[in-house]
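# Geometric and topological summary
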Amino acid sequence: MNKPEKLEIMRHSCAHVVAAAVQKLYPRAKFGVGPVVENGFYYDIDFPRNITGEDLPKIEAEAKKMIKAGVAFECAEMSLNKALKFFVDKRQDYKVMLLKDLKKRIADLLHDFELEKFAKTKVGLLSSGEASRLNLAKAVINQPNLLLLDEPTASLDPSIAQLVRQKIKDYALETGSAILWTSHNMAEITAVCQRVLFMSHGKILLSGDPKTLPAQHGKKDLEELFIAVAREPLTF
């Protein structure tokens, strides 16, 4: 494990320690999210009353006390429905809201990628095309700013491939996210990408607009240009 990974784990653990300290001192506190950030961590907390500078040393002291006592923090995995019940019972309204939003997001993605009938199907029983659509749905569930796709439609039939391409393009337009799309399907690259890079051994050989780049090199389309570059990558 490298140093950045260790630091992230430490900060994540600290967030949980602080949350536990707050919960002990203020049992009616409600928690949102507590992520690691570039220079530390934070936790969204709704206190039962406004806190002051006098509260902070108390929270710090309680957190240090827990660390010294070696209080164990264990990760527990549970289904979405069980997690909802858990936080409803704990009266953690913000956690419940976040989980309900996630549940709706999952339902929307199952619909968008035509996976609703497989909602209760084990992944190992899905066809390669169904599994590819599931992987794409998982890739966008947290709405990343950068989406990395490797041959995303390779195992899909033409109809579903067209649907998936449009869904990805819509996602990019709606969120402003960047997409890095690797593929050997040059017709697809021409249809969906604004810029194409031809690479070999980590070096960029050619780059440009996929619709105009072929003509700049005397080729009729991107497929013909790709073949030329693949056959003579060093002298092209």
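Now for a look at the structure at hand. (Residues numbered from 1 in each chain as written. Predicted model: local features only at pLDDT ≥ 70, side-chain atom pairs only at ≥ 80, totals over all residues. Heavy atoms only, no water.)

A count of helical and extended segments in the protein chain gives 9 helices and 8 strands. In terms of C-alpha radius of gyration, the protein chain reaches 25 Å, well past the compact-globule figure of 18 Å for 236 residues. Dimensions of the protein chain, computed from C-alpha atoms along their principal axes, come out at roughly 75 × 40 × 30 Å. Split into buried and exposed, the 236 residues of the protein chain put 30% on the buried side. Restricting to contacts in the protein chain with at least 6 residues of sequence separation, those with at least 24 account for 47%. A total accessible area of about 16500 Å² is found for the protein chain, and carbon and sulfur atoms account for 55% of it. (Helix = DSSP H or I, 4+ residues; strand = E, 2+ residues; numbered from the N terminus. Rg over C-alpha atoms; globule rule 2.2 N^0.38 Å. Buried < 20%, exposed > 50% of the residue type's maximum accessible area, 1.4 Å probe, protein only. Contact = heavy atoms within 4.5 Å. Areas by Shrake-Rupley, 256 points an atom, 1.4 Å probe, with all protein chains shown as cover.)

Looking now at the packing of aromatic side chains. Per the stated rule, a full pass over the model turns up 4 aromatic pairs. On the basis of an interplanar angle of 80 degrees and a centroid distance of 5.5 Å, the ring pair of Phe31 and Tyr43 is categorised as edge-to-face. Of this pair, Phe31 sits in strand E1 (residues 30-31) while Tyr43 sits in the loop between strand E3 (40-41) and strand E4 (45-46), and the two are 12 residues apart along the sequence. (Phe/Tyr/Trp six-rings, centres within 6.5 Å; stacked < 30°, edge-to-face > 60°.)

Next up on the list: a nonpolar patch on the surface. Judged by side-chain polarity, Val33, Val37, Tyr42 and Leu98 come together as a nonpolar surface patch covering roughly 280 Å² of accessible area. Position of Leu98 among the secondary structure elements: in helix H4 (residues 93-112). Taking relative accessible area as the criterion, Leu98 reaches 36% and is therefore assigned partly exposed. (Patch = residues over 30% accessible without salt bridge, like charges linked within 9 Å, V, L, I, M, F, W, Y side chains within 5 Å. Salt bridge = Lys/Arg side-chain N within 4 Å of Asp/Glu carboxyl O.)

The subject of this paragraph is the nonpolar core. Formed by 30 residues in total, the largest nonpolar core has its most connected members in Phe113, Val164, Trp181, Ile189, Phe198, Leu222 and Leu225. Elements represented by at least two residues in this core include exactly H4, helix H5 (128-140), strand E5 (146-150), helix H6 (158-175), helix H7 (186-192), strand E7 (196-200) and helix H9 (222-231). Here this core takes 5 residues from H6, the largest share from any one element. The contact partners of Val164, leaving out residues within four places of it in the chain, are Phe113, Arg133, Leu136, Thr153 and Leu156. In this structure, Ala19, Phe31, Tyr43 and Ala63 belong to the second largest nonpolar core, which totals 14 residues. (Core = buried A, V, L, I, M, F, W, Y, C linked by side-chain atoms within 4.5 Å.)

In this fold, Ala83 is placed in helix H3 (residues 80-89). Exposure remark for Ala83: the relative accessible area of 10% places this residue in the buried category. Expressed as a C-alpha distance, the spacing of Ala83 and Val96, which sit 13 residues apart in the sequence, is 8.4 Å.

This part covers unusual backbone geometry. The phi torsion at Arg91 lies on the positive side, around 60 degrees, for a residue other than glycine. With respect to the helices and strands, the residue Arg91 is situated in the loop between H3 and H4. You will see that His201, though not glycine, has its phi angle at about 55 degrees, which is positive. Structurally, His201 can be placed in the loop between E7 and strand E8 (203-208). Here His201 falls in the exposed class, since its relative accessible area comes to 82%.

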